[in-house]
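What follows is the residue order along each chain.
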Amino acid sequence: MVEATPTKRIAPAEGFRVANSVVSIETAKPASRISLRATSAGARSFEKSLNFALPRKPAETASAKGRHALWLGPDEWLLIDEANPDDSMVPRLPNKQFSAVDVSHRNMAFIVAGPGAAATLNAACPRNLSLAAFPVKTCSRTVLGKAEIVLYRTARDTFRVECWRSYAPYVRDLLAIASKDAHI
Amino acid sequence: MTPSSKQPYRAKSHGALNHARTVRFTFDGKPYEGLEGDTLASALLANGVHLMGRSFKYHRPRGVMSAGVEEPSALIGISRDKSNSGARVQPNVRASVQEIYDGMNAVSQNRFPSLNFDLGAVNSLLAPFFAAGFYYKTFMWPRKAWDKVYEPFIRRAAGLGESPTETDPDRYANRFEHCDVLIIGGGAAGLMAAKTAAAKKQRIILCDENPSLGGWLLADSDVTIDGKSGTQWVKDTVAELQANENVRLLTRTTGFGYFQQNMVGLVERVTDHLAQPDMDLPRERMWQVRADKVVIAQGAIERHLVFADNDRPGIVLAGAAQKWLNQFGVTVGNNVGVFTACDTAYAAAFDLYEAGTHIAVIVDQRATVDQALLEQANELGIRVMPNAGVVGVTGKLRINGIKVKTASGSEETIEVDALITSAGWTPSLHLYSQSRGKPIWDEASQRFLPGQSPQACVSIGACNGTNDLATTFAEAAKATGGRAPKLEIENDVSLAGGTIGMASESAETGKAFVDFQNDVTAKDIKLAVREGMHSIEHVKRYTTNGMATDQGKLSNMHGLSIAAKMLDKPVPEVGLTTFRAPYTPTTFGSFVAHARGTLFDPSRKTPIHEWAQENGAEFEPVSLWQRAWYFPRPGEDMHEAVDRECRTVRTSAGVFDASTLGKIEVVGPDAAAFMNIMYTNGWDKLKPGRAKYGIMCREDGFIYDDGVVGKLSDTRFHVTTTTGGAPRVLNHMEDYLQTEFPDMQVWLTSTTEQWATIAVQGPKAREIIQPLVTGADISAEKFPHMSVVECQVCGVPARLFRISFTGELGFEINVPADYGRAVWEAIWERAEPAGACAYGTETMHVLRAEKGYIIVGQDTDGTVTPHDAGLSWAVAKSKPDFVGKRGLQRPDLTASGRRQLVGLKTSDPKKVVQEGAQIVADPEQAIPMKMIGFVTSSYWSGTLERSIAMAVLEDGFARMGETLYIPMEDEVIEVEVEGTVFYDPSGEKING
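Residues numbered from 1 in each chain as written. Chains lettered and ligands numbered in written order. Predicted model: local features only at pLDDT ≥ 70, side-chain atom pairs only at ≥ 80, totals over all residues.

Points about the overall build of chain A
If you tally the helices and strands in chain A, you get three helices and eleven strands. Of the regular secondary structure in chain A, the N- to C-terminal order runs β-β-β-α-β-β-β-β-β-α-β-β-β-α. Since a compact globule built from 184 residues should have a radius of gyration of about 16 Å, the 17 Å found for chain A is in line with a globular shape. Taking the principal axes of its C-alpha atoms as reference, chain A extends roughly 50 × 45 × 30 Å. Evaluated residue by residue, chain A yields a buried proportion of 48% over its 184 residues. Sequence separation of 24 or more characterises 60% of the internal contacts of chain A that already satisfy a separation of 6 or more. (Helix = DSSP H or I, 4+ residues; strand = E, 2+ residues; numbered from the N terminus. Rg over C-alpha atoms; globule rule 2.2 N^0.38 Å. Buried ≥ 20, exposed ≤ 12 C-beta atoms within 10 Å, placed from the backbone. Contact = placed C-beta atoms within 7 Å.)

Comments concerning the overall build of chain B
The helix and strand tally for chain B stands at 25 helices and 51 strands. Burial analysis of chain B (992 residues in total) assigns 54% to the buried set. Residue pairs at least 24 apart in sequence account for 67% of intrachain contacts in chain B once pairs closer than 6 positions are excluded.

A closer look at the nonpolar core
Among the nonpolar cores identified, the biggest contains 337 residues, and A:Val171, B:Ala193, B:Val338, B:Ile420, B:Val823 and B:Ile827 are the most heavily contacted of them. When residues no more than four places from it in sequence are discounted, the contact partners of B:Ala193 are B:Ile183, B:Val295, B:Ala297, B:Ile460, B:Ala476, B:Ala479 and B:Thr480. (Core = buried A, V, L, I, M, F, W, Y, C linked by C-beta atoms within 7 Å.)

Describing the packing of helix H12 (residues 522–530) of chain B against helix H14 (residues 556–567) of chain B
All names here are of chain B. Between H12 and H14, whose axes approach to 9 Å, the crossing angle comes to 45 degrees. By the angle between their axes, H12 is oblique relative to H14. In terms of crossing hand, the pair formed by H12 and H14 is right-handed. When H12 is examined against H14, the residues Ala522, Ile525, Lys526 and Val529 are found in contact with a partner set consisting of Gly559, Ile562, Ala563, Met566 and Leu567. When its residues are assigned to classes, the contact of H12 with H14 shows seven nonpolar, one polar and one charged. (Axes fitted to C-alpha atoms, helices over the stretch in contact; angles between N-to-C directions. Parallel < 35°, antiparallel > 145°, perpendicular 65-115°, else oblique. Left-handed = near helix turned anticlockwise from the far one by under 90°. Nonpolar A, V, L, I, M, F, W, Y, C, P; charged D, E, K, R; others polar.)

Some words on the interface of chain B and chain A
Contacts between chain B and chain A engage 40 residues on the former and 40 residues on the latter. Take the side of chain B that touches chain A: its biggest share by element is six residues, from strand E8 (residues 172–184) of chain B. Of the residues in the side of chain B that touches chain A, the class split is 18 nonpolar, twelve polar and ten charged.

Section: the domain arrangement of chain B
How big an interface is tends to be stated in terms of accessible area lost as the parts join. Segmenting chain B into domains produces domain 1 (22–140), domain 2 (170–301 + 425–498), domain 3 (307–422), domain 4 (506–574), domain 5 (609–652) and domain 6 (849–878 + 894–978). Look at where the C-alpha atoms of domain 3 of chain B and domain 5 of chain B centre, and you get two points 78 Å apart. (Domains from an automatic or database assignment.)

Things to note about the domain arrangement of chain A
Residue and element names in this part refer to chain A. Domain boundaries assigned for chain A yield domain 1 (14–29 + 106–184) and domain 2 (31–103). When each unit is reduced to the centre of its C-alpha atoms, the spacing between domain 1 and domain 2 is 23 Å. Going through the elements one at a time, strand E9 (139–144) and strand E10 (147–155) are the ones with two or more residues in the side of domain 1 that touches domain 2. Examining the composition of the side of domain 1 that touches domain 2, we find that three residues originate from one element, E9, more than from any other. Residue composition of the side of domain 1 that touches domain 2, by class: four nonpolar, three polar and four charged.

Some thoughts on the sheet that holds strand E47 (residues 918–919) of chain B
Residue and element names in this part refer to chain B. Pairing within the open sheet is antiparallel, and its six strands lie in the order E47-E48-E49-E46-E51-E50. The open sheet terminates on both sides in strands that have one partner only, identified here as E47 and strand E50 (963–967). Relative to strand E48 (residues 933–941), E47 is paired through two bridges, and the arrangement is antiparallel. Of the residues in E48, the one forming a bridge with Gln918 is Phe934. In this fold helix H23 (residues 841–850) packs onto E48 and strand E49 (946–954), with an angle of close to 110 degrees to the strand it touches most, E48. (Pairing = 2+ DSSP bridges.)

Here's the deal with unusual backbone geometry
Residues and elements named next belong to chain B. Note that the residue after Ala581, namely Pro582, is joined by a cis bond; omega there is 0 degrees. Here Ile927 and Pro928 are connected by a cis peptide whose omega angle stands at 0 degrees. Mapped onto the elements, Pro928 comes out in the loop between E47 and E48. Of note, the phi angle at Gln551 is positive, near 50 degrees, even though the residue is not glycine.

Some details on helix H10 (residues 469–479) of chain B
Residue and element names in this part refer to chain B. Residues Leu469, Thr472, Phe473, Glu475, Ala476, Ala477 and Ala479 constitute the buried set of H10. Elements that come into contact with the buried residues of H10 comprise helix H4 (188–199), strand E15 (284–296), strand E28 (457–459) and strand E29 (489–490). Of the residues trailing H10, Gly481 is marked for its positive phi of about 80 degrees.

Notes on the sheet that holds strand E2 (residues 30–35) of chain B
Residues and elements named next belong to chain B. Here five strands make up an open sheet; going across it, the order is E2-E1-E7-E5-E6 and the pairing mixed. Either end of the sheet is taken by a strand with one partner, and the two such strands are E2 and strand E6 (89–94). On average, each strand axis in the sheet is tilted by 35 degrees relative to the strand beside it, whichever way the strands run. In the sheet, strand E1 (residues 22–27) pairs with E2 via six bridges, with the strands oriented antiparallel. Bridge pairing in E2 links Arg24 to Glu33.

Some thoughts on the pairing of strand E9 (residues 204–207) of chain B
All names here are of chain B. Burial of the side chains of E9 extends over both faces: Ile204 and Leu206 are buried on one face and Ile205 and Cys207 on the other. Direction of pairing for E8 relative to E9: parallel, over a ladder of four bridges. The residue bridging Ile183 from the neighbouring strand is Leu206, located in E9. As paired elements, E9 and strand E12 (residues 247–250) share four bridges and run parallel to each other. Its bridge partner lying in E12, Leu206 is registered against Leu249.

Brief notes about the confidence of the model for chain B
Scored by pLDDT, chain B comes out at a mean of 94, with 97% of its residues at no less than 70. Complex prediction metrics read pTM 0.93 and ipTM 0.96. (pLDDT = per-residue confidence, 0-100.)

Section: the packing of H4(B) against helix H5 (residues 230–242) of chain B
Residue and element names in this part refer to chain B. Packing of H4 against H5 leaves a shortest axis separation of 10 Å and a crossing angle of 35 degrees. By crossing handedness, the relation of H4 to H5 is classed as left-handed. Mapping the contact onto sequence places Leu191, Ala194, Lys195 and Ala198 in H4 and Val234, Thr237, Glu240 and Leu241 in H5. Class assignment for the residues of the contact of H4 with H5 results in five nonpolar, one polar and two charged.

Overview of the pairing of strand E24 (residues 418–422) of chain B
Residues and elements named next belong to chain B. For E24, the buried fraction is high: five of the five residues fall into the buried class. Relative to E24, strand E17 (residues 315–317) runs parallel, the two being bridged by three bridges. Residue pairing for E24: Val316 is matched across the bridge by Ile420. Two strands pair when backbone bridges link them, and strand E18 (residues 335–340) and E24 are joined in this way by five bridges, in the parallel orientation. From the neighbouring strand, Val338 faces E24, where its bridge partner is Ile420.

Here's the deal with the environment of B:Glu505
Residue and element names in this part refer to chain B. Looking at the secondary structure, you find Glu505 in the loop between E29 and helix H11 (506–509). Using a count of 14 C-beta atoms within 10 Å as the deciding quantity, one classes Glu505 as partly exposed. Remark: the alpha-carbon pair of Glu505 and Phe811, spanning 306 residues in sequence, is separated by 90 Å.

A closer look at the environment of A:Lys29
On the secondary structure map, A:Lys29 appears in the loop between strand E2 (24–27) and strand E3 (32–38). Here the alpha-carbon distance between A:Lys29 and A:Thr142, two residues 113 residues apart in the chain, equals 22 Å.

Quick word on the environment of B:Leu419
Residues and elements named next belong to chain B. The topology assignment puts Leu419 in strand E24. Sequence separation between Leu419 and Ile966 is 547 residues; the distance between their C-alpha atoms is 75 Å. Those residues in contact with Leu419 that lie beyond four places of it in its chain are Gly314, Ile315, Gly337, Phe339, Ile399 and Ile402.

Encoded structure:
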C-alpha cells in the first residue's frame, strides 16, 4: 500500500472525451482491479471479503457500492473497484484456492454512452449488442478491431470498455472515428 | 461551356425523374446535361450517346447493354476530385450503376487517342493471334522474347482503366449487425418477404443495390396489384416498412458475399452519388450481418442473344430499354428493332411504341408466338417476323441496320438506330452458390435453379426461377412464415422462355460475343472444345469466358450451352462454375474500413515512451511495441550512439526501459510443480526471494521462449518472457494447464502491462538506485545476483530484481505502470549526474552478445534445442518429465552433425559480417558450395574494439579454433570459431 507519496501517477488517455449528438466517449477514472482465478470453494471464500456474491453464469455481472464482479470464465472474474485505490481488493493472506492478481494498472477503461453507443462499438466489435442478446449488466471478453477488450453494459445506453493500457490510444482513436457513424 | 444538346431522347411522358432538376457532367471532357436520379448510362442515352467504351482485347467500340450491375461493356473511369489529383479516381465503374451528380467527370477507357478513333482497334485485325488459349500458345516461343516482348505486352494489355496514383483520402466505415431476417434484394419478392416478416415483429434488414427499392416493378408500366400500379404498390409498401422500427432498409447496398454461418457481407455506397458529400460521411459502409435467416431475392438477369456483331453500340437488352424508359424517361432510339426469344421483349417494344418510338420490326427466334402478343403487335402496326433471326448488323460506332434471315431463308436488311434483344432470363444464383448450395439443372426450362442450401437461407422470386408475380408473392410470404397474400394481379408478363447458346449460324463465322468484358466469342468456345477442353472449368480458363469482373452474369449460360452442344452432352455434365464473392466488384477500402494509418495495427507504447521521445530516442518496432532503439546525441549517428551507450554501461551505468518484456504471474499451491513441467530446468530448489533463468521448449524439444523467473513465495512466481513471445507463451502455458494438467491448482495471469520495468545496469547501478529503495537491503551480500524482493521504490510498491542481461551489476525495477514515468525520472535524476546514460535496444543487443546471451527468435529459429544453444546446463537431467523432454530424446536431436551455437571472430577485427550470412569450410569449392551454418547475431563491439558474431554451425562445439569462411558477393571473409562469451568470461562484474 502506498502512503502519501509524491510519486506522480500518469494514467493512459487521461481526461479524454469526445461527444456528438448520439454518443460520448470518455476515459473512466482510475480504478483498482483484480484478476481473480478460483476454484468454486475459492470463489466462496473470496466472496466473504467482497460482501456480495460473485456471478456464476456466463456473461453475468454483480455489483455493489462501486465494486463490480464480471464473469469471464468458469474460474475467472474481473473485479473492478471504482471507489478505492490500487490493490485494495487483494487479500493480504495467501489462499490456496484462488489467485488474486492486481491488474489495476494493466487495464484502463473508456465509458461509451448514449443512444449511439452500441452502434459505435459495433463498428469494430462483432458481438450482438441488442438489448435482447446483451442485456444491461452483461459482460463479455471480446474484441474491438484488433484489440482485446472486456465489454460491460452498465446501463441501457452505457458500456464500459476495459482494455490493456498500451491499447488505449488504438481503442480511443477507433471509438472516436466509429462515433462519427453512430447515428446510422 | 454549355451542353451541346438538350437531351433529345428524353421521353417527357415517362419515367420517375423530375425534369426540372438538371445535373451537369462531362464525359470525355464534353459537357452534358442529365436529370437528378439518372445513371451515367441513362443520361448519356438521353443525349443520344451509345458509344461508351472500347473492349478489352480487340478494342471494339462498345455501348451500354444493360441497366444494372451485370453491365460488361460500359466501364467508365470516374474522377471525384475537383483537382484531378489522382486520389479519387476509380476505374471500371459501370455506367449503368453510377448515378450522375453536378460536376462529375467521367472518362471512357481502353482507347487512344479517342473513343471514336482508337489505334488499339488494330488488335481486331490481329484477332487470329488472340484466339482462345493464346496465352498458352503464341508466347511460348522464342524463349527470349518472353521477357522483352510478350510479358511487357501482356502486362500493358492486362486490366482495364487507370489505377489511382495517390492515397485514397476517403473514409470507409464498418458495422457488425445482427438480425432475424436478412433480405437481399428489394424487388417485389424482397418487399413482400419484408412485409410479412415485419408483421411478425422480426428484426429485419433489407438491402438492395439500387438507389430505390422496387426492382423491376419500377420498370413495369402495365402490371397492377389490387388495382394499384406496380410503382404505387412499391411506394406504399416501402412507406409501411420505413415506419417500422424493426426494419432497416439499405439502398445502394450490395450483398456481395455469403460466408459461413449466415454471415453476409453488404457494401453500402454512401457518397458516390453526391456532388458535395459531407466530409463526416464515409464513402462506403461495410455491413457484416449475421442473420438467423437469409432470404435471397436477387432476381434474374436478362441474357443477350449470340449473333454476329452483337456488340455494336445501339444494341441493348430489352429489359434495360424498358427500364430506361419507364424509370428514367429515356428512349434508346427513334427507330428500334427487336430481336427476341421470349415474351418480355414484346412488353418493352410496346412501351417504347407508346412513348413515340417507331418499332421497325420484332424478329422472333421462335416459330410459334403467343397469339395475344401477335394481335397486340398487329393492332399497333408493328411487323413481327417469327422463326427468323438477326444474322448481322451494319454500322460500327452505332448500328444503322440489321440483317434478318427470314423464316423462308431469305435475307433482308432493315434500317434501325437501335436493337433491343432478349434471350430470356437467368436466375441469379450467385449468393445461393456462395452459401455452398448446389445449382440444380431444370431440363424443362433449361435453367439452373437453387436447391436446398446447407445454410439457413431460402431463395424466392425470379432468382428461384419463379416467372410470375403471384407465385413470387406467395413464395415470399411463405419464406418469412406467412400465408400467401390474396392480391389481384393483372397484366403481369411471364419471365418464361428464351434460348441459350448461338442464336443464329452467323455466330459460326462472325464475331458473335458470348462474354463482352473479356471479348470471348462463340468461335472461341468452340475452338476450346475442339482443342480438348471438355469441362466448363477448362473451357472457362482456356477462353477466359466468365472470368471478368462481371463473373459471366450474361455469358455463363451461353458458353455452357455452346460447349454442351458441341460435346453432345447434357448441360449439367459439362458443369457450372462455382460463384464466388464478391458478387460485384468491391473496393479494397470497404474491406480495410478503419484499419489504416494509425489504426492499421495497435502501436503499443510503454509508460516511459514519451520520455524517450522527448530525449531524442530513435524507435524500432518489436512485435506491436515501439521500443527506444538508441538515444543519439546531436551529431551522432547510430553507430556512434550505440558505441557510447555500450561504453557508458560498462564503465558507469545505463538505464533501460524493459517494460515490454512479457510478464506472467503464476499463482497457486502447484505453481512450482507447473514451472517444473513447463520449463526445462528444475525449480524445486529455488527459494523465495531468488530468481532463475528458464528455458521453455515445445513438445518437439526446440526452444520456444526464455526469461528470468522470480520466486516471490512458495505459491507465487513472477515469470518474464521475451517481448514478442508474451501472448503465445501465456497461451502455451494455459493450453497445457487446461488440457494436460487440469488437476494442478495453479492459475496464470498476464501482468505485462501491470508493471513498468526499468533496468539499471552497470558498475554504478546500486549507487544510483539505493537511496530510492525502501523496505529492502540491496547490498551485494544481502541481495546477490539473481535475487528478487518486494519493496518500495520512490514510495510505490515495487518488485525489484537483481538480474543482468548485460554482464554488469544490474537491477530491474518493476513498479505499477502509472508510476513508471515518475520513477524513471527519479532514477534518471540520479543516473545522469553519475555519468550514466539512457540506452536502447540496440545497445542491449550488443551488450548481451558480448556475454553470449541468446535472443530467442534471433539466435534460435524453431530448430534449435537447448543443447544446440549451449544451454545443456539449463536442462534438468533428473526431472521425470517436462514439456520437450521426450522430444529432446529423438534420435535426430541427439545425432552428430547438428548445428550448434558458437562465437565467431573475424580475422580482420574491423570486419563486421552480415547477419544471415552463410558459412563454408572451403571457399574454393565449386558452386553450389556446402553451407555448414549461418550467422545469427553480428555487431561491432566498442568495448572489445572488434567485431563479434554468433552463428549456428554443424558440429560447432567440436570446431573451436577452426578457420572457416563466409563468401560474400565481393569478398570472402575469414572467421575463427570460438565460444560465445566474448566479455568477462569469469562473470566477476555481474556479481559485483
